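So you can see what is in the structure, the chains are spelled out below.
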Amino acid sequence: MHFTSEQRLDDGALEREFTLGEIPGILWTPASASAPAPLILLGHPPLGLRKIYPRLVARARHSAAEGFATATIELPGSGDRPRLPAAEQARADLRRAMEAGEPVSDEIIDALILPLVDKAVPEWQAALDALLSLPEIGGPVGYSGGVISIGTRLAVVEPRISAAVLFAGSFVPRAMFEEARQVTIPLHVLLQWDDEGNDRQAALDLFDAFGSKEKTLHANMGGHTGVPQFAGNAAAQFFTRHLK
């Protein structure tokens with residue numbers, strides 16, 4: 001991990017950009033801490049860190065005020081990283097189907113999501129290795145938001161993640177339902193009831209499939225970007241219960 005820049009935000013949180021090999025990322029740490037801070041990995045959609053930075057830094061600042069360090073990395077094929085031709089084709093097929101008012105096929109969903117999960121999860125694990133080696137960061141670790149299939153896979157394969165907040169706002173390949181049954185960590189799942197690009201029934205079925213003994217579904221009316229502030233506060237309380 002190589003830090004490339006740092007700035008102190010106006011609330012005192014420290015923001016540092018880094019690279020991990022060819023992968024860009026950002027780390028935020030609280031203004032002051034008497035002990036190593038617990039860590040939350042901030043997931044996000046594959047739109048590029050620059051585009052979604054305002055949303056990420058808002059989440060990071062809120063978490064820093066609660067005493068958490070947060071970090072994120074650029075997803076494969078996003079931002080300035082090399083494009084993934086198969087994913088680009090899947091996105092084109094998805095747009096074509098949605099514009100035509102046709103159902104999105106399992107083949108399109110698989111081509112769009114599964115290669116991203118296969119590439120992104122090992123990179124998140126490598127980032128976690130590097131982050132936990134820093135003296136200012138300790139465990140436990142949570143995962144928050146982003147592509148729900150990435151969060152599901154991480155919850156299965158990464159034992160260092162103790163709890164996860166998942167956003168049911170992305171397409172879910174059928175293969176992920178079997179993985180969901182293997183998830184055992186506490187979950188807090190956010191669902192926007194009127195999400196225009198999400199299959200609500202698939203999201204409900206995925207929640208039902210999760211094997212966790214403690215899992216909460218927090219559903220609110222509204223579209224994809226309309227998550228109310230109180231829903232975010234409930235997610236923060238969830239992490240305070242499980243990571244502190």
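Check the entry above for the structure.
Quick caveat, the model's predicted, so the values are computed rather than measured. (Residues numbered from 1 in each chain as written. Predicted model: local features only at pLDDT ≥ 70, side-chain atom pairs only at ≥ 80, totals over all residues. Heavy atoms only, no water.)

**Student:** Which residues make up the overall build of the chain, and what values do they have?
**Tutor:** When helices and strands are tallied, the chain shows seven helices and nine strands. The globule rule puts the C-alpha radius of gyration for 244 residues at 18 Å, and the 17 Å found for the chain is close to it. With the C-alpha coordinates of the chain rotated into their principal frame, the extents come out at 55 × 40 × 30 Å. Of all 244 residues assigned to the chain, the portion counted as buried reaches 50%. Within the chain, residue pairs in contact and separated by at least 24 positions form 67% of the contacts whose partners lie at least 6 positions apart. (Helix = DSSP H or I, 4+ residues; strand = E, 2+ residues; numbered from the N terminus. Rg over C-alpha atoms; globule rule 2.2 N^0.38 Å. Buried < 20%, exposed > 50% of the residue type's maximum accessible area, 1.4 Å probe, protein only. Contact = heavy atoms within 4.5 Å.)

**Student:** Now, about the packing of aromatic side chains: what can you tell me, with residues and values included?
**Tutor:** The relative placement of two aromatic rings is captured by the distance of their centres and the angle of their planes. In total, this model carries three aromatic pairs according to the counting rule given. Pairing Phe-3 with Phe-18 gives two aromatic rings, centres 6.3 Å apart and planes at 80 degrees, and the pair type is edge-to-face. Here Phe-3 is found in strand E1 (residues 2-8), whereas its partner Phe-18 is found in strand E2 (residues 14-20), with 15 residues between them in sequence. A relative accessible area of 29% means that Phe-3 is categorised as partly exposed. A cation sits over an aromatic face here: Lys-215 above Phe-207, 5.1 Å from the ring centre. (Phe/Tyr/Trp six-rings, centres within 6.5 Å; stacked < 30°, edge-to-face > 60°. Lys NZ or Arg CZ within 6 Å of the ring centre and 35° of its normal.)

**Student:** Requested: an account of the nonpolar core, with residues and values cited.
**Tutor:** The biggest cluster of nonpolar side chains holds 55 residues, and the ones touching the most others in it are Leu-39, Leu-41, Tyr-143 and Ile-150. Here the element with the most residues in this core is helix H3 (residues 106-132); it accounts for 13 residues. Filtering out sequence-adjacent residues up to four positions away, Ile-150 remains in contact with Leu-75, Leu-116, Val-117, Ala-120, Val-121, Trp-124 and Tyr-143. Among the nonpolar cores identified, the runner-up in size contains 22 residues, and Ala-13, Ala-235, Phe-238 and Phe-239 belong to it. (Core = buried A, V, L, I, M, F, W, Y, C linked by side-chain atoms within 4.5 Å.)

**Student:** For the sheet that holds strand E7 (residues 161-167), give the residues involved together with the corresponding values.
**Tutor:** What holds strands together in a sheet is hydrogen bonding between their backbones, with the strands either parallel or antiparallel. Ordered by their spatial adjacency, nine strands build an open sheet running E1-E2-E3-E5-E4-E6-E7-E8-E9, and the pairing between neighbours is mixed. Of all the strands in the sheet, the pair left with one neighbour each is E1 and strand E9 (215-220). Between one strand and the next, the sheet's axes are offset by a mean angle of 20 degrees, whatever the strand orientation. In this sheet, E7 lies alongside strand E6 (residues 137-145) in parallel orientation, the contact comprising four bridges. Each residue of the ladder has a partner; that of Gly-142, found in E7, is Ala-163. Its contacts with the sheet put helix H1 (residues 49-65) on E1, E2, strand E3 (23-29), strand E4 (37-43), strand E5 (69-73) and E6, and the angle it makes with E3 is roughly 25 degrees. Together, E6 and E7 form the strand contacts of helix H4 (residues 148-157), whose direction differs from that of E7 by roughly 165 degrees. (Pairing = 2+ DSSP bridges. Axes fitted to C-alpha atoms, helices over the stretch in contact; angles between N-to-C directions.)

**Student:** Go over unusual backbone geometry, please, and point to the residues and values.
**Tutor:** Residues other than glycine predominantly adopt negative phi, and peptide bonds predominantly adopt the trans conformation. With an omega dihedral of -10 degrees, the bond running from Gly-139 to Pro-140 counts as a cis peptide bond. Residue position: Pro-140 is located in strand E6.

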